[in-house]
Amino acid sequence: MKRRLYRGKDFKRAQNIADLREIARKRIPNFCFEYVDGGAEDEITLRRNRSVFEDMAFRPRTLVDVARRDQTVELFGRRMTAPFMIGPTGFSGLLARDGDLALARAATAAGIPYILSNASTMRLEEVVERAGGRVWMQLYLYRTREYAARLVERAEKANVEALVVTTDSAIFGNREWDRRNYAKPLRLDMRNSLDVLRHPRWMADVLLPRGMPRFANLDDLLPPGQDSVRGAALAIAKELDPSLSWADIRWLRSLWPRWLIVKGVLSVQDAVLAADHGVDGVVLTNHGGRQLDGAISAMEILPEVAATVGHRLTVLVDGGFRRGADIVKAIALGADAVLLGRATNYGLAAGGFPGVVHAIDILKTEIDRVLGLLGCPSVAQIDSHCIDWPRATTAVIPTAAEALLRPNAA
């Protein structure tokens, strides 16, 4: 009998994130799945984000007491039950009703932070109030800086814990596979229109009774009545600002009194500049392979960034994480925590809020198992000695003991 992933529709039977991905593929229409799953151009970066983990090997210890295992970490002075959080993913309401709230509630239940997307389909105030827990907010700096200032004010009043400014999307990536689903911009072709009708459960959950979800946090940016997907896409295309620079980060720092994180860093030079401009953390990312095709994986720059600015900044990373083992490898290479994107979105698309909970539980269980098999009872003991990766040997990777000496250690 040939091996194959689970092909049913019951998300509770998913053994791993790959199973959830296949369940999600069946539950939602093709254009939705392509929006979540695809990357830019030839998807070289998308594949690289996954293949990089295959080059890393664990160096396990034996005869170590691992009867009690602890994967909690501290981030900005507060404990997390696992070394990962849910990162910002736009238009989550396309995957399940009130998708942003489902993700936020699952994060709260799991004891980890959630980063609400700038392109969410629920207002930030509602998500914070109804989800509780640690909610952060993503921000795009559009041409209309007054919009950013108002959103910062709203986030502060709503008691958002941290602001995450995304800087690698001043120009849209070339997502050809996504565009192939449309006869005209954001007008589904006949094949995809018929495919929507083949997903009545998704239609009942997402489209009824309110129709296609709308962007709820772009009111101050969009013309009146233009918060639909098509209207927002046309307006945002005009609002993208290729002149975005570090001066804008300095301006944002002057407005925001809490934790400020720059998401979009993929070089040591930019990580140093981030520290020099007074931010509290960086997210090393290639935007999930959706922007510059052919870019390096964030994991490839992580050791050098952690060694250079880890004592000045909290270092976060995303891109391609599908296993608990992947997350442990990132911690070993110097990351303070990992941001999840597609992994939790697959859970959302496969089963709504319970599906996200299941995705998080899968990853927590895998991390717990890796810690035990690696001979490290605590994530705090994970360091570069746990990993064999030739490409990382040229960088000085801080050990767990050294990491504890960081001013902003997480």
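Above this text you will find the structure in question.
Here goes a summary of the coordinates provided. Since this is a predicted model, take the numbers as computed values, not measurements.

### As for the environment of valine 338
Within the secondary structure layout, valine 338 lies in strand β13 (residues 337-340). Counting along the chain gives 55 residues from valine 338 to valine 283, while the straight-line C-alpha distance between them is 8.8 Å.

### A word on a positive patch on the surface
There is a patch of like positive charges on the surface, built from Lys2, Arg4, Arg7, Lys9, Lys26 and Arg201. Summarising the element assignment, arginine 4 is placed in the segment before α1 (17-27). You can call arginine 4 exposed: its relative accessible area is 60%.

### Notes on the environment of aspartate 336
Relative to the elements of secondary structure, aspartate 336 occurs in the loop between α14 (324-332) and β13. On the accessibility criterion, aspartate 336 (5% relative accessible area) is buried. It is 20 Å that separates the C-alpha atoms of aspartate 336 and histidine 277, two residues lying 59 residues apart in sequence. Among the polar contacts listed, one links the side chain of aspartate 336 to the backbone nitrogen of valine 315, at a separation of 2.7 Å.

### Considerations on the pattern of salt bridges
Under the definition given, this model contains 23 salt bridges. A salt bridge links aspartate 37 to arginine 21; its shortest N-O distance comes to 2.7 Å. Of this pair, aspartate 37 sits in helix α2 (residues 30-37) while arginine 21 sits in helix α1; the two residues are 16 residues apart in sequence, bridging distant segments of the chain. Residue aspartate 37 is classed as buried on the basis of its relative accessible area of 13%. Notably, a salt bridge pairs arginine 25 with glutamate 22, separated by 3.5 Å at the nearest N-O pair. A residue pair is termed a helical-turn pair when its members lie 3 or 4 positions apart in one helix, as arginine 25 and glutamate 22 do in helix α1 at 3 residues. Since its relative accessible area comes to 37%, arginine 25 is described here as partly exposed.

### Considering the pairing of strand β11 (residues 281-284)
Of the two faces of β11, the one lined by Gly281 and Val283 and the one lined by Val282 and Leu284 are each fully buried. Summarising the sheet, strand β10 (residues 259-265) and β11 pair through 4 bridges and their orientation is parallel. For valine 265, the partnering residue across the bridge sits in β11 and is leucine 284. Assessed by its sense of winding, the connection that carries the chain from β10 through helix α12 (residues 268-276) to β11 is right-handed. Bridging between β11 and strand β12 (residues 314-317) involves 4 bridges; their strand directions are parallel. For glycine 281, the partnering residue across the bridge sits in β12 and is threonine 314. The parallel pair β11 and β12 is bridged by helix α13 (residues 298-309), and the resulting crossover is right-handed.

### Section: the packing of aromatic side chains
Under the defined criterion, the tally for this structure stands at 9 aromatic pairs. Look at tyrosine 142 and tyrosine 147: their rings are 5.9 Å apart centre to centre, the planes differ by 45°, and that puts the pair in the tilted class. Classification of tyrosine 142 as buried rests on a relative accessible area of 6%. Owing to a relative accessible area of 1%, tyrosine 147 belongs among the buried residues under this scheme. In this arrangement the basic side chain of arginine 105 is found over the ring face of phenylalanine 353, its NZ or CZ atom lying 4.1 Å from the centre. One Lys or Arg, arginine 290, reaches over the ring of tyrosine 35 and ends 5.3 Å from the middle of that ring.

Thresholds applied
Residues numbered from 1 in each chain as written. Predicted model: local features only at pLDDT ≥ 70, side-chain atom pairs only at ≥ 80, totals over all residues. Heavy atoms only, no water. Helix = DSSP H or I, 4+ residues; strand = E, 2+ residues; numbered from the N terminus. Patch = residues over 30% accessible without salt bridge, like charges linked within 9 Å, V, L, I, M, F, W, Y side chains within 5 Å. Areas by Shrake-Rupley, 256 points an atom, 1.4 Å probe, with all protein chains shown as cover. Salt bridge = Lys/Arg side-chain N within 4 Å of Asp/Glu carboxyl O. Lys, Arg positive; Asp, Glu negative; His and termini not counted. Charge placed at Lys NZ, Arg CZ, Asp CG, Glu CD. Buried < 20%, exposed > 50% of the residue type's maximum accessible area, 1.4 Å probe, protein only. Polar contact = N/O pair within 3.5 Å; in protein donor to acceptor, adjacent residues only side chain to side chain. Pairing = 2+ DSSP bridges. Right-handed = clockwise from strand over helix to strand, strands pointing away. Phe/Tyr/Trp six-rings, centres within 6.5 Å; stacked < 30°, edge-to-face > 60°. Lys NZ or Arg CZ within 6 Å of the ring centre and 35° of its normal.

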